[in-house]
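Geometric and topological summary
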Amino acid sequence: QGGISVLRNEEDYDAYFEDTMRAGRFKNREESVEVMITSSQEIIRDLVRYGVEFDLDENGEPAYTREGGHSIFRILHHKDVTGREITSKLIRRAKEKGNIEIREYVTMIDLIESDGKARGIVTEEQDGTRGLIYAKETILATGGIGGLFEHSTNFRHISGDSFAIALRHRIELENINYIQIHPT
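Residues numbered from 1 in each chain as written. Predicted model: local features only at pLDDT ≥ 70, side-chain atom pairs only at ≥ 80, totals over all residues. Heavy atoms only, no water.

This part is about the overall build of the protein. A count of helices and strands for the protein gives four helices and five strands. Seen in sequence order, the protein has helices and strands lined up from the N terminus as β-α-α-β-α-β-β-β-α. Seen through its principal axes, the protein has C-alpha atoms that stretch 55 × 40 × 35 Å. Among the 184 residues that make up the protein, the fraction classed as buried is 24%. Pairs at least 24 residues apart make up 44% of the contacts formed inside the protein by residues separated by at least 6 positions. Here the protein displays about 13,100 Å² of accessible surface, and carbon together with sulfur accounts for 51% of that area. Put simply, the protein has 24 plus and 33 minus side-chain charges, and the middle of one group is 3 Å from the middle of the other. (Helix = DSSP H or I, 4+ residues; strand = E, 2+ residues; numbered from the N terminus. Buried < 20%, exposed > 50% of the residue type's maximum accessible area, 1.4 Å probe, protein only. Contact = heavy atoms within 4.5 Å. Areas by Shrake-Rupley, 256 points an atom, 1.4 Å probe, with all protein chains shown as cover. Lys, Arg positive; Asp, Glu negative; His and termini not counted. Charge placed at Lys NZ, Arg CZ, Asp CG, Glu CD.)

Structure (structure tokens):
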């Protein structure tokens, strides 16, 4: 909700890298941190092209702020609902595309597997109807398990079902002991 960090300029790289590594207690994958930092400006440009409106200062320039773990002001935001601003604009753009189908209130309950490769997912509608969605590539980008905990700001539906499905299909999980209780 609070914001999204971005590389301010090339001189910011070392500090941004160090801030990110320190915040991750130096357990981060350095190559992943590098990709995140070096692609951040392009991602922000894409988001703006998709209609995301970040707050501006009195001169019409991005109004950067600072959040936990950052040594300088490098956080772009939209009021205090940045996540909603980004996701709503991305969903709107996705709905404009003829090759994207959005299926609301459909739950993934299993993977379709053939020859050791995911070929899609098994779904369940709200009324209990089950179906199959086949895919050339299947990517699990499903969130964590923070909703299982009584004291968490995660939504209750963030319950780790996808992890159970992955384990059932012998998909290797990494750092499963790192649990996000608060989205920051």
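Of note in this structure, K79 is not a glycine but carries a positive phi near 50°. Backbone geometry places D115, a non-glycine residue, at a positive phi of 55°. Mapped onto the elements of the fold, D115 is located in the loop between β3 (107–114) and β4 (117–124). The exposed category is assigned to D115, whose relative accessible area is 75%.

Turning to its location among the elements, D161 is positioned in helix α4 (residues 161–168). Taking the C-alpha atoms as reference, D161 lies 25 Å from I86; in sequence the two are 75 residues apart.

Quick look at the nonpolar core now. Core analysis: the biggest nonpolar cluster contains seven residues, these being V6, I44, L47, V52, F54, L76 and I86. Setting aside chain neighbours within four positions, we find I44 in contact with I4, V6, F54 and L76. By size, the runner-up hydrophobic cluster in this structure holds six residues, among which are Y16, F17, M21 and I37. (Core = buried A, V, L, I, M, F, W, Y, C linked by side-chain atoms within 4.5 Å.)

Right, let's talk about the environment of E150 for a bit. Tracing the chain through its elements places E150 in the loop between β5 (130–134) and α4. As a C-alpha pair, E150 and D115 span 35 residues in sequence and 40 Å in three-dimensional space.

In this section: the sheet that holds β3. Pairing is antiparallel in the open sheet, where three strands are placed in the order β3-β4-β5. The two strands at the open ends of the sheet, each matched to only one other strand, are β3 and β5. Averaged over neighbouring strand pairs, the angle between their axes works out to 30° when direction is ignored. Of the strand pairs in this sheet, β3 and β4 are connected by seven bridges, and their pairing is antiparallel. Bridging from a neighbouring strand, M108 pairs with T123 of β4. (Pairing = 2+ DSSP bridges. Axes fitted to C-alpha atoms, helices over the stretch in contact; angles between N-to-C directions.)

In this section: the packing of aromatic side chains. Here the structure, examined in full by the defined rule, presents one aromatic pair. Ring geometry for Y13 against F17: centres 6.0 Å apart, planes inclined by 25°, an arrangement best described as stacked. One end of the pair is Y13 and the other is F17, both in helix α1 (residues 13–23) and four residues apart, which spans about a single turn. Residue class for F17 comes out buried when judged on its relative accessible area of 18%. (Phe/Tyr/Trp six-rings, centres within 6.5 Å; stacked < 30°, edge-to-face > 60°.)

Before going further, it helps to spend a moment on the packing of α1 against helix α2 (residues 30–49). When two helices pack together, their arrangement is given by the angle between the helix axes and the distance between those axes. It is the contact of α1 with α2, at a shortest axis distance of 10 Å, that shows an interaxial angle of 135°. Classed by the angle they form, the pair α1 and α2 counts as oblique. As α1 runs across α2, the sense of the crossing is right-handed. Along its contact with α1, which presents Y13, Y16, F17, T20 and M21, the element α2 presents E30, V33, E34, M36, I37, T38 and S40. The residue makeup of the contact of α1 with α2, split by class, is seven nonpolar, three polar and two charged. (Parallel < 35°, antiparallel > 145°, perpendicular 65-115°, else oblique. Left-handed = near helix turned anticlockwise from the far one by under 90°. Nonpolar A, V, L, I, M, F, W, Y, C, P; charged D, E, K, R; others polar.)

This brings us to the confidence of the model for the protein. On average, the protein scores 93 in pLDDT, and the residues at 70 or more come to 97%. At the level of individual helices and strands, the protein shows its lowest average pLDDT in α4, which scores 93, and its highest in α2, which scores 98. (pLDDT = per-residue confidence, 0-100.)

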